[in-house]
Amino acid sequence: EGLALMTFDWAVNSGGSKPAKCIQKFVSAKQDGVIGPKTLGLVAEKNSQEIIEYMYDSRQKYFESLIVNNLSDWKPFGIQLWWHVVIFMFYWCSC
């Protein structure tokens, strides 16, 4: 499923609690960074495409904050590379 893939990719590249807290915020669950039965139950009640879109927006904002605060750290990797990763994952997960 696209939501699982989006969550996995963000967790691998930025740490597991960030996507978990993002999902929890969207579904109005306690934002503890742990996806448990309560969070999964609330996720099941929502449209997964809407969660993916919310995660995409949140992930972009997260990367923007990293770039603004640590621009020199991003130069070796290329800022455009990370934008392309985020955009690619959004479209792939939305199929």
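This text follows the structure it describes.
Presented here is an overview of the structure given in this document. (Residues numbered from 1 in each chain as written. Predicted model: local features only at pLDDT ≥ 70, side-chain atom pairs only at ≥ 80, totals over all residues. Heavy atoms only, no water.)

1. Re the pattern of salt bridges
- Within this structure, the stated rule accounts for one salt bridge.
- Residue Asp9 pairs with Arg59 through a salt bridge whose shortest N-O separation is 2.7 Å. Taken as a pair, Asp9 in helix H1 (residues 2–14) and Arg59 in helix H4 (residues 48–69) lie far apart in primary sequence, 50 residues in all.
- For Arg59, a relative accessible area of 0% puts it in the buried group. (Salt bridge = Lys/Arg side-chain N within 4 Å of Asp/Glu carboxyl O. Helix = DSSP H or I, 4+ residues; strand = E, 2+ residues; numbered from the N terminus. Buried < 20%, exposed > 50% of the residue type's maximum accessible area, 1.4 Å probe, protein only.)

2. Some details on the packing of helix H2 (residues 17–26) against H4
- H4 packs onto H2 with a crossing angle of 130° between their chain directions and a minimal axis gap of 10 Å. Compared by their axis directions, H2 and H4 come out oblique. The handedness of the crossing between H2 and H4 is right-handed. Packed against H2, whose contacting residues are Lys18, Pro19, Cys22, Ile23, Lys25 and Phe26, the element H4 presents Glu50, Ile51, Tyr54, Met55, Ser58 and Tyr62 at the interface.
- In terms of residue class, the contact of H2 with H4 is made up of eight nonpolar, one polar and three charged. (Axes fitted to C-alpha atoms, helices over the stretch in contact; angles between N-to-C directions. Parallel < 35°, antiparallel > 145°, perpendicular 65-115°, else oblique. Left-handed = near helix turned anticlockwise from the far one by under 90°. Contact = heavy atoms within 4.5 Å. Nonpolar A, V, L, I, M, F, W, Y, C, P; charged D, E, K, R; others polar.)

3. Brief notes about the nonpolar core
- Leu3, Met6, Ile23, Val43, Ile51, Ile52 and Met55 are the most contacted members of the largest nonpolar core, which totals 17 residues.
- The greatest single-element share of this core, amounting to five residues, is contributed by H4.
- Here Leu3 is in contact with Ile23, Val43, Ser48, Ile51, Ile52 and Met55, once residues within four sequence places are set aside. (Core = buried A, V, L, I, M, F, W, Y, C linked by side-chain atoms within 4.5 Å.)

4. Points about the packing of H1 against H2
- Relative orientation of the contacting elements H1 and H2 amounts to 135°, with a least axis distance of 7 Å. Relative to H2, the element H1 is oriented oblique. Each of Leu3, Thr7, Trp10, Ala11 and Ser14 in H1 lies in contact with H2, whose residues at this interface are Lys18, Pro19, Cys22 and Ile23.
- Counted by class, the contact of H1 with H2 contains six nonpolar, two polar and one charged residues.

5. A look at H2
- Residues of H2 that are buried include every one of Pro19, Ala20, Cys22, Ile23 and Gln24, and no others.
- In the segment just after H2, Ser28 is the residue with positive phi, at about 65°.

6. As for the environment of Gly41
- Along the chain, Gly41 turns up in helix H3 (residues 37–44).
- Spatially, the C-alpha atoms of Gly41 and Val27 are 9.5 Å apart, while their sequence positions differ by 14 residues.

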